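# Notes for the structure review
Residue-level listing of the chains:
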Amino acid sequence: MFPVIACLLIPGFELRVALRSRPRLAVVPAALAPEPGREPLLGPVTAAAEAAGVTAGMRLGEALATCPELVLVDPDPAGAEREWEGVLRRLEDAGFGVEPVEPGVVVFETRGVERLYGGVEAALTKALASVGPAWDPRAGAGQRRFVALAAASVARPGQAVIVEGEEERTFLEPLPLSLLPLEEERYAELEGLGVRTLGALAALPGGAVAERLGLEGKRAWSLARGGERRRVRGRSPAAELVEALSFPEAVANELTLRRAFGALLDRLLARPERAGRPFRKLGLSARLVGGGSWRRTVTLREATGERGRIRSALGPKLVEIPSPVVELRLEAVELAEHAGQQLALVAPEGEEADLRLREGLRQVRASAGGSAVGAVVEVAPWSRIPETRALVVPRDV
Amino acid sequence: MVSARGTAARLNAPRPALVETNVGGEPRLVNRELVTVVREEWRVVDRWWTEEPVDRRYFEVVLESGRNVCVYRDGERACWFTQRA
């Protein structure tokens, strides 16, 4: 028998994270602002905004024309990533092997823990409890991913909806097309054809749908019929290596950010938990002066622990930061398993002096404390104000 | 010098100084030590467009002991500091 696949859903997760520092906005028409440089489409919206006719994915201009009092909330992708990681870890702590789909949506199988908790329903109740009521999570379960997602979408906060195999078709039939990952024009096109529910779409011949709507339409048609059966692959546990640097005042110039990034990279490379393993995926995030944040994740083409290669992969991302930075964070999202390293036949010049210097610094740290060793990083050597020319950055040896 | 782990600290931050001046506003005593020569004087006016404007009158002086010291009068806060310029 195919295992039960569960989906846990937190609608508007990124908006909820952004509103945590401004909870009073949760009761007024508010929406997650588009990220700088992206298409001006709204993110998730509050219930009050929805009541005023504003929907997620709406064009910014249209939304402001519909509801002039709409408040735009700056996205906090770094905060969302952190909170989402917390949610996933709580689920993992409860015994679920999770496969995150996007922030706010995660799928997992219940088979491994059904006996532990006493059945599918009890396992879902446990999953909802482990995430906590503050996030208003909902759960759904079925034998296919899309069915589980659809079930979670219709569930109320804190509720779990389970769809048995034979009920799948009747369950999906009356649900709206908005559950499908389609572009706005496609919905309009389908509505124009009189197709308003998943059941109506599923009843059409697959070939005709593909001919009219292309590959995207074919995929939607397949989902409307329940989608493919695919097992869940639990993620590998995330690495917990993070280095952060807070600035005494907000920094906007690229040179300073590059130097701070270099210092963070040195510290991350020096972390003993890495045990010589190269980085596979790194995350660079910044807390911005207005209260928002920025985050980019880079998967390296080849896992590496070489400073120069990591710098050239992540360094260019720094110019994308939209406003002055209060804190810069570098995170090892995933490490490679192997630690192998080709030894050099002849040691590079200066290696011995470097080793002695490092040993000396280790001794200083051991005798005077962890924060005794710092590196001077020039940040604005041209400044007429002496104390803004350089920073002392804590350094691991 | 280095603050809490993970926080960058400023290098060469100014330190409060006890300065007595003559009628022209030049330092006569720095931290209770007599000034023998004022070697140089300059002004730094910057960031006037921010909420933390900088208005400093710097003096590089030689003290009675032979030490070279830089002091400045902060025009915004009306007090004196020493700093390596």
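Residues numbered from 1 in each chain as written. Chains lettered and ligands numbered in written order. Predicted model: local features only at pLDDT ≥ 70, side-chain atom pairs only at ≥ 80, totals over all residues.

### Some points on the overall build of chain A
The secondary structure content of chain A amounts to 14 helices and 13 strands. Here the contacts in chain A between residues at least 6 apart in sequence split such that 61% fall between residues at least 24 apart. (Helix = DSSP H or I, 4+ residues; strand = E, 2+ residues; numbered from the N terminus. Contact = placed C-beta atoms within 7 Å.)

### Points about the overall build of chain B
When helices and strands are tallied, chain B shows zero helices and eight strands. Ordered by position in the sequence, the α and β elements of chain B form the string β-β-β-β-β-β-β-β. Within the span of chain B, comprising 85 residues, buried residues form 15% of the whole. Of all intrachain contacts in chain B linking residues separated by at least 6 positions in sequence, the fraction that spans at least 24 positions is 34%. (Buried ≥ 20, exposed ≤ 12 C-beta atoms within 10 Å, placed from the backbone.)

### A few points about the sheet that holds strand E3 (residues 19–21) of chain B
The strand order across the open sheet formed by seven strands is E2-E8-E7-E6-E5-E4-E3 (chain B), and the pairing between neighbours is antiparallel. Each end of this open sheet is capped by a strand with a single partner; those strands are strand E2 (15–16) and E3 of chain B. (Pairing = 2+ DSSP bridges.)

### Looking at the interface of chain B and chain A
On the chain A side, the residues contacting the 19 residues of chain B number 18 residues. Of all the secondary structure elements, the ones that give two or more residues to the side of chain B that touches chain A are strand E1 (9–10) and strand E5 (33–46) of chain B. Across the side of chain B that touches chain A, the residue classes tally to eleven nonpolar, four polar and four charged. In this sheet, E1 of chain B lies alongside strand E13 (residues 390–394) of chain A in antiparallel orientation, the contact comprising two bridges. Looking at the pairing, leucine 391 of chain A lines up with arginine 10 of chain B of E1 of chain B. (Nonpolar A, V, L, I, M, F, W, Y, C, P; charged D, E, K, R; others polar.)

### Here's the deal with the environment of leucine 204 of chain A
Residue and element names in this part refer to chain A. Assignment of secondary structure puts leucine 204 in the loop between helix H10 (198–202) and helix H11 (206–224). Taking the number of C-beta atoms within 10 Å as the measure of exposure, leucine 204 has 17 and is therefore partly exposed. Once residues within four sequence positions are removed from consideration, leucine 204 is found in contact with Val209 and Trp221.

### Re the sheet that holds E13 of chain A
Read across the open sheet, the three strands follow the order E12(A)-E13(A)-E1(B); overall the sheet is antiparallel. Among the strands making up the open sheet, the edge pair consists of strand E12 (374–378) of chain A together with E1 of chain B. Here five bridges tie E12 of chain A to E13 of chain A, and the two strands are oriented antiparallel to one another. Its bridge partner lying in E13 of chain A, valine 377 of chain A is registered against leucine 391 of chain A. Set on the sheet, helix H12 (residues 254–269) of chain A makes contact with E12 and E13 of chain A; between it and E12 of chain A the angle comes to about 160°. (Axes fitted to C-alpha atoms, helices over the stretch in contact; angles between N-to-C directions.)

### Concerning the pairing of strand E8 (residues 79–82) of chain B
Residues and elements named next belong to chain B. In terms of strand pairing, E2 meets E8 through two bridges, oriented antiparallel. For proline 16, the partnering residue across the bridge sits in E8 and is phenylalanine 81. As paired elements, strand E7 (residues 68–74) and E8 share four bridges and run antiparallel to each other. Looking at E8, one finds that tyrosine 72 is bridged to phenylalanine 81. Between E7 and E8, which pair antiparallel and follow one another directly, the connecting turn spans four residues, one of which, alanine 78, has a positive phi of 55°.

### A few points about the nonpolar core
Residue and element names in this part refer to chain A. By size, the foremost hydrophobic cluster in this structure holds 67 residues, and its most contacted members are Ala6, Ala31, Ala127, Ala139, Ala141 and Ala148. With seven residues, the single largest contributor to this core is helix H7 (residues 145–154). Structurally, this core is a two-domain feature, drawing no fewer than three residues from each of domain 1 (1–172) and domain 2 (173–224). In terms of nonpolar packing, the next biggest core, distinct from the first, is built from 31 residues, Ala260, Ile321, Leu330 and Val393 among them. (Core = buried A, V, L, I, M, F, W, Y, C linked by C-beta atoms within 7 Å. Domains from an automatic or database assignment.)

### Focus: the packing of H12 of chain A against helix H13 (residues 307–314) of chain A
Residues and elements named next belong to chain A. Following both chains from N to C, one finds H12 and H13 inclined at 135°, their axes separated by 11 Å at the closest point. Of the possible angle classes, the one that applies to H12 and H13 is oblique. When you trace H12 past H13, the crossing you get is right-handed. Only Arg307, Ile310 and Arg311 of H13 make contact with H12, whose side of the interface consists of Gly262, Leu265 and Leu269. Here the contact of H12 with H13 is composed, by residue class, of three nonpolar, one polar and two charged. (Parallel < 35°, antiparallel > 145°, perpendicular 65-115°, else oblique. Left-handed = near helix turned anticlockwise from the far one by under 90°.)

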